Amino acid sequence: MGIVLDKFPVVAKAVPGGQVLLTSTDYIVDLGRKYSVWPLTFGLACCAIEMMVAYAGRFDFDRFGVIPRPSPRQADLLLIAGTVTKKMAAPIVEIYHQMPEPRFVIAMGSCASCGGPYYDSYSVVKGVDRIVPVDVYVPGCPPRPEALIYGFMELQKKIMGMKLERGGGATAQAEKGSRDLTGEAA
Amino acid sequence: MKPDPVARLLAALPRAESAASPVKDYPTLRLAAPADILAAARILKDELGFAYLEMVTAVDWLGPVSLAGFVSSANPSPFTKKAPPPPVAPAAGAGIAYRPVLDMLWSFGNLQTGQKVFLRLEVPRDNAEVPSLTSLFAAADWQEREAFDLLGVRFSGHPNLTKILTPDFLKGHPLRKDYAHEKDAYDED
Ligand code: SF4
């Protein structure tokens, strides 16, 4: 429902009795999504330490509306911070499917992006994009909290490009690799 | 007064040697037979106050590492393509005697006196079997499962000797030198 406009929000001032805000449904829905991305509390290895720092006082991830949730059923974002072992792969897929749509995934660190220092290992999945679709990759070993925040802001940009006419943001799970939330590449 | 664990253990187990291949400068005792470990652990725990089992592990002394244990090539870096692959293990000689044994290592701590004692025991690689310490130390349970999972040592008398770290589909014991990796669903195509 709603009037779909291509323009960004406009405030029409000269209306008797107050101001009127005209906006597009896409814009207002995406705005809400963008500033209330609740991540699942989920750390796998050393990268999780940097993720915790990003939540803590100095960097204060809360400013972005990032409030960690203890349950996947209340979370929008799966922040894979650390090494994904083959033993952990099946639980991660299960957690991913327990999250409500639209759900986003950030692969934090070299390990989650491509296997990192454990590329030759018998026990490590070479990138979490082999099991769940990833929206943003944050390189580094470990990435500094600033890098994670930058990656999160890139995700916010992607969210702003999502359109309701493409199904409310629910995208089919990509077989492998990254996912195009906005459909612009297609 | 701190007890002297090595003298007490040597009195009870005359076939053991002390100071053969010590761990750093800690008192280290090399046992002669698998059956001795239970007796030694009982003396350490009940008489000498070494009530803390810190670690159960082993070293595989079979020759250099087999490259079959690596998932991809030995030298995947594009920057060092022309150079020969680095040696994965030093050659035999110069103090390294490769032999088909697993060198078991137990570490006991005494929290009152701050002492540590290490026990070593060589067992043949094939059919490696030692008595379990789970009857004395509850902490031995997971430590022994880990040694079983990664090195294939069987602990007789362990109540639940199953894999603990590696996924169920992984075959073999990855820390053995001749471990060959079988490709699974998560590996490179
Ligand atoms: S990328 Fe580096 S810091 Fe992050 S989990 Fe892997 S090894 Fe640890």
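Calculation criteria
- Residues numbered from 1 in each chain as written.
- Chains lettered and ligands numbered in written order.
- Predicted model: local features only at pLDDT ≥ 70, side-chain atom pairs only at ≥ 80, totals over all residues.
- Heavy atoms only, no water.
- Helix = DSSP H or I, 4+ residues; strand = E, 2+ residues; numbered from the N terminus.
- Buried < 20%, exposed > 50% of the residue type's maximum accessible area, 1.4 Å probe, protein only.
- Contact = heavy atoms within 4.5 Å.
- Polar contact = N/O pair within 3.5 Å; in protein donor to acceptor, adjacent residues only side chain to side chain.
- Salt bridge = Lys/Arg side-chain N within 4 Å of Asp/Glu carboxyl O.
- Pairing = 2+ DSSP bridges.
- Axes fitted to C-alpha atoms, helices over the stretch in contact; angles between N-to-C directions.
- Near = heavy atom within 4 Å.
- Nonpolar A, V, L, I, M, F, W, Y, C, P; charged D, E, K, R; others polar.
- Arc of directions from axis to C-beta.
- Patch = residues over 30% accessible without salt bridge, like charges linked within 9 Å, V, L, I, M, F, W, Y side chains within 5 Å.
- Areas by Shrake-Rupley, 256 points an atom, 1.4 Å probe, with all protein chains shown as cover.

Observations concerning the overall build of chain B
Per the secondary structure count, chain B includes 3 helices and 7 strands. Secondary structure elements of chain B occur, N-terminal to C-terminal, as α-β-β-α-β-β-β-β-α-β. Residues classed as buried in chain B amount to 40% of the 189 residues present. Contacts in chain B between residues far apart in sequence, at least 24 positions, make up 62% of those at least 6 positions apart.

Focus: the overall build of chain A
Looking only at helices and strands, chain A features 5 helices and 5 strands. In sequence order, the secondary structure elements of chain A are arranged as β-β-α-α-β-α-β-α-β-α. By residue count, 45% of the 186 residues in chain A fall in the buried class. Partitioning the contacts of chain A with sequence separation of at least 6, the portion at a separation of at least 24 is 72%.

A few points about the side chain of Ser132(B)
All names here are of chain B. Checked against the element boundaries, Ser132 lands in the loop between strand E6 (129-131) and helix H3 (140-151). Only 2.7 Å separates the side chain of Ser132 from the side chain of Thr134, close enough to count as a polar contact. Residues contacting Ser132, with those up to four places away along its chain left out, are Leu38, Glu144, Phe155, Ser156, Gly157 and His158.

Considerations on the pattern of salt bridges
Where charged atoms from two side chains of opposite charge come close, those side chains can pair. What the rule picks out here adds up to 18 salt bridges over all chains. When the shortest N-O distance is used, the salt bridge between Lys86(A) and Asp187(B) registers 2.9 Å. You can see Lys86(A) sitting in helix H3 (residues 86-98) and its partner Asp187(B) sitting in the segment after strand E7 (154-156), one on each of two chains. With relative accessibility at 2%, the residue Lys86(A) sits in the buried group. When the shortest N-O distance is used, the salt bridge between Arg99(B) and Glu122(B) registers 2.6 Å. Taken as a pair, Arg99(B) in the loop between strand E3 (52-60) and strand E4 (101-110) and Glu122(B) in strand E5 (residues 115-124) lie far apart in primary sequence, 23 residues in all. Residues participating in the shared-partner salt-bridge network are Lys86(A), Lys126(A), Asp184(B) and Asp187(B).

Regarding the sheet that holds E4(B)
Within a sheet, neighbouring strands are paired by backbone hydrogen bonds and run either parallel or antiparallel to one another. Residues and elements named next belong to chain B. The mixed open sheet is built from 5 strands, whose spatial order is E1-E2-E5-E4-E3. The two strands at the open ends of the sheet, each matched to only one other strand, are strand E1 (17-18) and E3. With 10 bridges joining them, E4 and E5 adopt antiparallel strand pairing. In the sheet register, Asn110 faces E5, and the bridge partner there is Gln115. Lying over the sheet, helix H2 (residues 36-47) contacts E4 and E5, oriented at roughly 175° with respect to E5. Contacts from H3 reach E3 and E4 within the one sheet, and its direction differs from that of E3 by about 10°.

As for the site of the ligand
Near the ligand you find Ala45(A), Cys46(A), Cys47(A), Gly82(A), Thr83(A), Gly109(A), Ser110(A), Cys111(A), Pro117(A), Gly140(A), Cys141(A) and Pro142(A), and these make up its full shell. Of the residues assigned to the shell around the ligand, the class counts are 7 nonpolar, 5 polar and no charged.

What about the sheet that holds strand E4 (residues 104-108) of chain A?
Residues and elements named next belong to chain A. Taking strand neighbours across the sheet as the criterion, the 3 strands line up as E3-E4-E5 in an open arrangement whose pairing is parallel. Taken across any chain shown, the strands that pair with only one partner, and hence form the sheet edges, are strand E3 (77-81) and strand E5 (136-138). Adjacent strand axes in the sheet meet at a mean angle of 15° when their direction is disregarded. With 3 bridges joining them, E4 and E5 adopt parallel strand pairing. The partner of Ala107 across the bridge, within E5, is Tyr137.

As for helix H2 (residues 47-55) of chain A
Residue and element names in this part refer to chain A. Within H2, burial applies to Cys47, Ala48, Glu50, Met51, Ala54 and Tyr55. The buried residues of H2 occupy an angular sector of 155° when the element is viewed end-on, so they sit on one face. In the core, the buried residues of H2 are packed alongside E3, E4, helix H4 (109-114) and helix H5 (145-160).

A short note on the environment of Leu79(A)
All names here are of chain A. Turning to its location among the elements, Leu79 is positioned in strand E3. Note: C-alpha distance between Leu79 and Ala56 (23 residues apart in sequence) is 16 Å. Leu79 has contacts with Pro39, Phe42, Met51, Tyr55, Ile106, Met108 and Leu148, leaving out every residue within four places of it along the chain.

Notes on a nonpolar patch on the surface
A grouping of Ile49(A), Met52(A) and Val53(A) is seen on the molecular surface, where their side chains present a nonpolar patch of about 250 Å² in accessible area. Here Ile49(A) shows up in helix H2.

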